[in-house]
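Residue-level listing of the chains:
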Amino acid sequence: SFSYAHPSVHAVGFTIVAAGAAALLVMAVNAAPGGPVARAFGAGWLRFLGKYSYGIYVFHNVIHHAMFDHVPLRSLQDRLGGSFWAAYGLYLLVATGLSIGLALLSWHEYEKHFLKLKRFFEYRAPTLEGFRPDEPVSPVRT
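For every chain, the first residue of its written sequence is number 1, and the numbers climb from 1 along that sequence. Given that this is a predicted model, residues contribute local features only at a pLDDT of at least 70 and side-chain atom pairs are listed and counted only at 80 or more, while totals for whole chains, interfaces and linings are drawn from all residues. Side-chain numbers come from the whole structure's heavy atoms, not from hydrogens or water.

A helix here means a DSSP run of H or I that spans at least four residues, while a strand means a run of E at least two residues long, and both kinds are numbered starting from the N terminus. One can find Ser 106 in helix α5 (residues 84-115). Two N or O atoms count as a polar contact when they lie within 3.5 Å, although within protein this holds only if one can serve as hydrogen donor and the other as acceptor, and sequence-adjacent residues are included solely when both atoms are side-chain atoms. There is a polar contact of 2.9 Å between the side chain of Ser 106 and the side chain of Glu 111. The criterion used for residue contact is that any of the two residues' heavy atoms lie within 4.5 Å. With residues near it in sequence (within four places) discarded, Ser 106 still touches Phe 59 and Glu 111.

Below, the structure is given as structure tokens:
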């Protein structure tokens, strides 16, 4: 089984997933501009998901639990001719759509307004030495 609760997944599976994600990140960062890897990682739908990913992350578990409590998978399966995979697919499609919809709403009605506050803070690129304790920090004047 590849269930997240299975002991072998805890022992090895998460490490394999993390190593795979790290390998993808290295590939994306080192991709030749205009090459197939850069085009794949620069796809519009990935940028869209990246922009709203935090909201999707925040809302997906709430939506999953609400749907699990109020829309039993068994009742969906009965309505779809007894097919577990059709019911599960519909369940995932609706849950994903709701997560993305709430993330869009949250970003446009709440988060983007906080991002406008960046203009009041000075950006200083980090160095290998870090920041000196006596270095003044002054807000950016607009």
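There's plenty left to go through after this.
It is worth spelling out the pattern of salt bridges at this point. Within this document, salt bridges are pairs made up of a side-chain nitrogen of Lys or Arg and a carboxyl oxygen of Asp or Glu, the two lying within 4 Å of each other. Summed over all chains, the structure comprises 1 salt bridge. Taking the shortest distance from any N to any O, the salt bridge between Asp 78 and Arg 74 comes out at 3.9 Å. Of this pair, Asp 78 and Arg 74 both sit in helix α4 (residues 73-79), 4 residues apart, roughly one helical turn. Given a relative accessible area of 49%, Asp 78 falls into the partly exposed group. When accessible area is computed with a 1.4 Å probe and restricted to protein chains, residues below 20% of their type maximum are described as buried, those above 50% as exposed, and intermediate ones as partly exposed.

This paragraph deals with the nonpolar core. By nonpolar core we mean a set of buried residues, namely Ala, Val, Leu, Ile, Met, Phe, Trp, Tyr and Cys, connected to one another through side-chain atoms within 4.5 Å. Ile 63, Met 67, Leu 76, Ala 87, Tyr 91 and Ala 95 form the largest nonpolar core, which has 6 residues in total. Contributions of two or more residues to this core are made by α3 (44-70) and α5. By residue number, the principal contributor to this core is α5, which donates 3 residues. Once residues lying within four places of it in the same chain are set aside, the contact partners of Ala 87 are Leu 73, Leu 76, Gln 77 and Leu 80.

Put simply, two rings from Phe, Tyr or Trp (the six-membered ring, in Trp's case) pair if the centres are within 6.5 Å, and we call them stacked under 30 degrees between planes, edge-to-face over 60, tilted for the rest. Inspection of every chain in the model, using the stated rule, returns 7 aromatic pairs. When the centroid spacing of 5.8 Å and the interplanar angle of 85 degrees are considered together, the rings of Tyr 52 and Trp 107 count as edge-to-face. Of the two residues, Tyr 52 is situated in helix α3 and Trp 107 in helix α5; the sequence distance between them amounts to 55 residues. Neither Tyr 52 nor Trp 107 differs from the other in exposure class; each is buried. By the ring-pair criterion, three or more aromatic residues cluster together here, those being Phe 48, Tyr 52 and Trp 107. Between the NZ or CZ atom of Lys 51 and the centre of the ring of Trp 107, over which it lies, the distance is 4.3 Å. Note on geometry: a ring has a charge over it if NZ (lysine) or CZ (arginine) is within 6 Å of the ring centre and within 35 degrees of the ring normal.

It is worth spelling out the confidence of the model for the chain at this point. Predicted coordinates in areas of low pLDDT are best not read in detail. Put simply, the chain has an average pLDDT of 86, and 87% of its residues get 70 or more. Per-residue confidence from the predictor is reported as pLDDT, which spans 0 to 100. Mean pLDDT per element in the chain: α4 is the minimum at 84, and α5 is the maximum at 93.

Looking now at α3. The span one expects for a helix is its residue count, reduced by one, times 1.5 Å. Between its first and last C-alpha atoms α3 spans 34 Å; for 27 residues at 1.5 Å apiece the expected length is 39 Å, and the helix comes up short by more than 12%. The largest bend in α3 comes to about 60 degrees, at Tyr 52. Those residues of α3 that are buried are in contact with α5. The angle between axes fitted to the seven residues ending at a residue and the seven residues starting there is what we call the bend at that residue.

Note on helix geometry: an α-helix contains 3.6 residues per turn, so any two residues three or four positions apart are oriented the same way. For helix α1 (residues 7-29), built from 23 residues, the straight-helix expectation of 33 Å at 1.5 Å per residue is met to within 8% by its first-to-last C-alpha distance of 33 Å. Along α1, the sharpest kink reaches roughly 40 degrees, centred on Gly 13.

For the rest of this paragraph, the subject is the environment of Arg 39. Looking at the secondary structure, you find Arg 39 in helix α2 (residues 36-41). What makes Arg 39 exposed here is its relative accessible area of 55%. The spatial distance from the C-alpha of Arg 39 to the C-alpha of Ala 28 is 9.6 Å, given a sequence separation of 11 residues. Among the polar contacts listed, one links the side chain of Arg 39 to the backbone oxygen of Gly 34, at a separation of 2.7 Å.

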